[in-house]
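# Report on the structure
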Amino acid sequence: MNPPQMKNLTLLLLLLLFSLHLTSVLSWKKDEFRNCNQTPFCKRARSRKPAPSSLIATHVSLSDGELVAKITNRRDDQIKPLILSLSAYQDGILRLKIDEDPSSIPPPPKKRFEVPDVVVPEFASKKLWLQKLDTKTLDGDSSPSSIVYLNEEYDAVLRHEPFEIYVRDKSSGKRVISLNSHGLFDFEQLKHKKPKSNQEEEKHDHDQYQDDDQDHDQDQDQVKEEKDEDEDWAERFRSHTDSRPYGPQSISFDVSFYGADFVYGIPERATSFALKPTRGPGLEDHSEPYRLFNLDVFEYVHDAPFGLYGSIPFMISHGKSHGTSGFFWLNAAEMQIDVLTAGWDADSGISLPSDRSRIDTLWMSEAGIVDAFFFVGPKPKDVVRQYTSVTGTPAMPQLFATAYHQCRWNYRDEEDVENVDAKFDENNIPYDVLWLDIEHTDGKRYFTWDRAMFPHPEEMQNKLAAKGRHMVTIVDPHTKRDDGYFLHKEATQKGYYVKDANGNDFDGWCWPGSSSYPDTLNPEIRSWWADRFSYENYVGSTPSLYIWNDMNEPSVFNGPELTMPRDALHYGGVEHRELHNVYGYYFHMATADGLQKRGNGKDRPFVLSRAIFAGSQRHGAIWTGDNTAEWEHLRVSVPMILSLGLTGISFSGADVGGFFGNPEPELLVRWFQVGAFYPFFRAHAHHDTKRREPWLFGERNTELIRDAIHVRYMLLPYFYTLFREANTSGVPVVRPLWMEFPSEEATFNNDEAFMVGNSILVQGIYTERVKHASVYLPGKQSWYDLRTGTTYKGGMTHKLDISEDSIPAFQRAGTIIPRKDRFRRSSTQMVNDPYTLVIALNSSQAAEGELYVDDGKSFDFKNGAYIHRRFVFADGKLTSVNLAPTSPGNSRFSTSSVVERIILLGNASGPKRAHIESTNLNVDIELGPLWLQRGRGSGVVTIRKPGVRIADDWTIKIL
């Protein structure tokens, strides 16, 4: 066949493949993905029954400040012992590691994979050096236990026989979290495959095909046994077979949370915030566990336990009787987790403490080791802080990234970009970022431009930058296998691709057709990938260009479940099954490092990723993937974002309007009204949908969308302050109600309302043509309507009239919110604008809040170049106090911005004037609008133009 014919045939095959792929994924089909019964390790683990464990802890001692032991099976001395270590860390964190013993005879065929680069380096310095081993028999036990100090309130207990670990409250002796209380711990050790003799092979073939022998039944039993043995070395799903060169290597165990009313976390999935039980009395036999396996789910369904693009094996429990605790398993293989109903273990004969509510869970993973962390809380923010001390706090974003983003698959060409940009200005709608999807490239070759459609990319970006705007382009991991493509040529020459099971460069199919994937587990390859983002290597890029990583689960159209085969090989001989969930994490990391390198370490990167793992918060933002323009997808976006926030990923959002489908105008407006409060605020749409820029739905809808976007821009100082709080403490920007009101049971299962910081409560509207909504406002203090200033009592449910203008949102009494009320084209143009302080007084006529300001783009804030103020209103005085360190040698940041208005909500004294103590000036107090836009809420007490600088100490006294 001559070359032109080969080329035509290849093109036809490509078109056929893409047609089949798009047909199969345009709607989510359950049978394209495995269930538990089709996943051997999950099926095996679920088949085990709770019973007293046969495992015992022996050789317990201290070594290098840790408790170490061996775990043996008292019923089977042929099973090799495992090695265990328990270590304690500051702030009440316990780390448990269990692995195979490398000194066993014979030794394991290889070292099991431990996930690197997720635990932050500074965590090691927080280790507590255990000085002595306290071993004794506790009440009710017949065997000894070893006790490990955590802090003044909690300790950890290793029960020797049967093997069990739990954390308890010292004063009461009550448990907080336990592992293996139901005897479900199982650790499948790596095996050496023994070659069959010729005689065994002949017998195997004979037995498989013998039908009429008088010993037929016996022969069939033998065939089954040999088939099961064969399945140890291969795993099959539909038309795919993955080899298992070391046999089954799964791990499973039970974890119990005591004093828990609900458990949360383990994203990512489109379901309720509080995790529903998946197994036990009253549930269907076919109910599925929560699956953690990063997948390209092209159009996911809501209200399903099915895992999506990311996996974070971190669960939080919360209850009224104990508080909050957490459990994190650092493991990057596929994981399945059951949440069990009460009574699931009724026939086990195990007796556990029953004076408080308890939630039992079953954790199952295909590979890896046990590397687990217990977090004792006891408050919600404590657990999040403890978890992010292990995996890192969220990166501090640039200011522009916290504003509004406009995206579509795809803006066609430079003229389209210019027209969309101009229309935002024409309609007085601010935005900060315009995005380009895969079609901007030259034939899906990343780091290139379609020069017919985008002939002048630098000029295009510079025009946006002149208005303070930025551009984002997409860069995915699949690399087109084209010998003329510089990226593929260099990666091939250097051997930088993931290998298949035979050691050749893995060749899969994605948008460019035949593709290979950089092995970003390797630090050398991550460094090489980072260098691709230099201005010299990424021709046509400018300093105002940032990056979007999509399809990095990784997505492989012709792979099992649209992902990479499990027997593909990575750096160090690691099988893909061992690290699948962390592939996108390393790709995200390498991209963020590249943007930081590009700016010589002076420019904070912005990288959006779809695939996530624990620690992704350190590298940038994420979004919830390919949702649909349906009311239920708007509704489920809130619990999805809340779950991500609990697990460290604060900078997240959902595609406003829905990626698939054509939203009706009312749905689109409501989505903008909710999305304005997402941490990451971006509209996005599939290329087959109708254009849906904000001005295309009639004048009234344009006005409503503009209003929603303006709300976000006015609140940018508050959001930026919250991003700094997340950056320093791990506490998320958007929070469940119970994070702020942990003892109010009415908040535990509420995932339609959410807190933005500690000051704003938002209730979405998720139903069309709704006229009324019931909103629960927690706490004992009042709440003020964010738009009108109307007061509502806390601790009760209010039935509110709903208009098309806005969704219910309230400011909490006792808080102060900083705003910027002038309307600009972009956040960059707002930098020097004056501030408004909205003071919502509580019943004691007091309030406080904070404002954080830096240059919005560099890393100078790490050296102290920022302004951090606390505003306190008490006894009729408003005081600005400095929270930033003033030690010599720190960088300095200054601003001339002043406070333009001070609004007092709930003031009981009827003030006439205010006295500025620093300048000895009096200014009048008058009634003015709560929102300058259209004069909303015209009767609020306002101090106009006090003229105080936000960077200074000052006091204003109300007279």
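Before reading further, recall that the structure is shown in the block above.
The notes below deal with the structure included here. Please read all numbers here as calculations on a predicted model, not as lab measurements.

## Digging into the overall build of the chain
In terms of helices and strands, the chain carries 16 helices and 52 strands. Radius of gyration (C-alpha) of the chain: 29 Å, near the 30 Å computed for a compact globule of 959 residues. In terms of principal-axis extent, the alpha carbons of the chain reach across some 105 × 85 × 60 Å. With 959 residues in all, the chain has 62% of them scored as buried.

## Details of helix α15 (residues 716-729)
An α-helical segment advances 3.6 residues per turn. Residues three or four places apart therefore align on the same side. With 14 residues, α15 should reach 20 Å at 1.5 Å per residue; the first-to-last C-alpha distance of 20 Å fits that figure. Counting buried residues in α15 gives 12 out of 14 residues, a clear majority hidden from the surface. Taken as a whole, α15 has its buried residues at Leu716, Pro717, Tyr718, Phe719, Tyr720, Thr721, Leu722, Phe723, Arg724, Ala726, Asn727 and Ser729. Count one or two residues on from α15 and you reach Gly730, which has phi positive near 85°.

## Some details on the packing of helix α14 (residues 699-714) against α15
Two numbers describe how α14 lies on α15: the axes approach to 5 Å, and their chain directions differ by 55°. Relative to α15, the element α14 is oriented oblique. Residue-level contacts link Arg712, Tyr713 and Met714 of α14 to Leu716, Pro717 and Phe719 of α15.

## Considerations on the sheet that holds strand β24 (residues 470-474)
Spatial strand order, β33-β32-β31-β28-β24-β23-β22-β34: 8 strands in an open sheet with parallel pairing. Each having just a single partner strand, β33 (652-653) and β34 (681-683) make up the two edges of the open sheet. Here strand β28 (residues 545-549) runs beside strand β31 (residues 607-609); their pairing, made up of 3 bridges, is parallel. Residue pairing across strands places Asn549 opposite Ser609, the latter belonging to β31.

## Let's talk about the packing of aromatic side chains
Tallied over the entire structure, the rule returns 59 aromatic pairs. Plain terms: the ring middles of Tyr264 and Trp738 are 4.7 Å apart, the flat faces sit at 35° to each other, and that makes the pair tilted. Within this pair, whereas Tyr264 is found in strand β15 (residues 262-265), its partner Trp738 is found in helix α16 (residues 737-740), the two being separated by 474 residues in sequence. On the accessibility criterion, Tyr264 (0% relative accessible area) is buried. On the basis of relative accessible area, Trp738 is assigned to the buried category, the value being 1%. A ring pair is formed by Tyr404 and Phe672, whose centres lie 5.9 Å apart and whose planes are at 55°; its orientation type is tilted. Taken as a pair, Tyr404 in strand β22 (residues 404-406) and Phe672 in helix α13 (residues 665-675) lie far apart in primary sequence, 268 residues in all. Here Tyr404 falls in the buried class, since its relative accessible area comes to 0%. Taking the relative accessible area as the measure of exposure, Phe672 reaches 1% and is therefore buried.

## Structural notes on α14
With 16 residues, α14 extends 22 Å from end C-alpha to end C-alpha; this agrees with the ideal 22 Å at 1.5 Å per step. Counting buried positions along α14 yields 13 of 16 residues, so the element is predominantly enclosed.

## Some details on unusual backbone geometry
At the junction of Glu161 and Pro162, the peptide bond is cis and its omega measures out at -5° in the coordinates. Relative to the elements of secondary structure, Pro162 occurs in the loop between β8 (154-159) and β9 (164-169). With a phi angle near 55°, Gln845 is a residue other than glycine that sits in the positive phi range. Tracing the sequence through the fold places Gln845 in the loop between β44 (835-840) and β45 (847-853).

## Observations concerning the sheet that holds strand β27 (residues 513-516)
Spatial ordering of the open sheet is given by β25-β27-β26, a layout of 3 strands whose pairing is antiparallel. Lying at the two open borders of the sheet, with one neighbouring strand each, are β25 (479-480) and β26 (508-510). In the sheet, β26 pairs with β27 via 3 bridges, with the strands oriented antiparallel. Directly across from Cys510, in β27, lies its bridge partner Gly513.

## Concerning the environment of Leu715
Note on placement: Leu715 falls in the loop between α14 and α15. Residues Leu715 and Gln596, spaced 119 residues apart in sequence, show a C-alpha to C-alpha distance of 28 Å. Among residues more than four places away in sequence, those in contact with Leu715 are Phe677, Ile760, Ile817 and Arg819.

## Overview of the side chain of Arg168
Tracing the chain through its elements places Arg168 in strand β9. Setting aside residues no more than four positions away along its own chain, Arg168 makes contact with Leu138, Ile147, Glu153, Tyr154, Asp155, Val157, Gly173, Lys174, Arg175 and Val176.

## Side note on the environment of Asp155
The topology assignment puts Asp155 in strand β8. Residues Asp155 and Leu545, 390 residues apart in the sequence, show an inter-C-alpha distance of 50 Å. Among all residues touching Asp155, those that are not within four sequence positions of it are Ile147, Val148, Tyr149, Leu150, Tyr166, Val167, Arg168 and Lys170. A polar contact of 2.7 Å, which involves the side chain of Asp155, links it to the side chain of Arg168.

## Looking at the nonpolar core
In terms of nonpolar packing, the biggest core is built from 182 residues, with Phe606, Phe672, Phe677 and Val756 touching the most fellow members. No other element matches the 8 residues that helix α11 (residues 583-598) contributes to this core. In contact with Phe677, not counting residues within four places along its chain, are Val711, Arg712, Leu715, Phe719, Val734, Phe754, Val756, Ile760, Val762, Leu786 and Ala809.

## Things to note about the state of the cysteines
Counted by the stated rule, this structure contains 1 disulfide. Here Cys36 pairs with Cys42 through a disulfide, and the sulfurs are 2.1 Å apart. Residues Cys36 and Cys42 are joined through a disulfide that is left-handed, its torsion about the S-S bond being -105°. Per residue, the accessibility class of Cys36 equals that of Cys42, and both read buried. Of all cysteine sulfurs, the one in Cys510 lies closest to Cys407, which takes part in no disulfide; the gap is 17 Å. For Cys407, a relative accessible area of 3% puts it in the buried group.

Definitions and limits used
- Residues numbered from 1 in each chain as written.
- Predicted model: local features only at pLDDT ≥ 70, side-chain atom pairs only at ≥ 80, totals over all residues.
- Heavy atoms only, no water.
- Helix = DSSP H or I, 4+ residues; strand = E, 2+ residues; numbered from the N terminus.
- Rg over C-alpha atoms; globule rule 2.2 N^0.38 Å.
- Buried < 20%, exposed > 50% of the residue type's maximum accessible area, 1.4 Å probe, protein only.
- Expected span 1.5 Å × (residues − 1).
- Axes fitted to C-alpha atoms, helices over the stretch in contact; angles between N-to-C directions.
- Parallel < 35°, antiparallel > 145°, perpendicular 65-115°, else oblique.
- Contact = heavy atoms within 4.5 Å.
- Pairing = 2+ DSSP bridges.
- Phe/Tyr/Trp six-rings, centres within 6.5 Å; stacked < 30°, edge-to-face > 60°.
- Polar contact = N/O pair within 3.5 Å; in protein donor to acceptor, adjacent residues only side chain to side chain.
- Core = buried A, V, L, I, M, F, W, Y, C linked by side-chain atoms within 4.5 Å.
- Disulfide = S-S within 2.5 Å.

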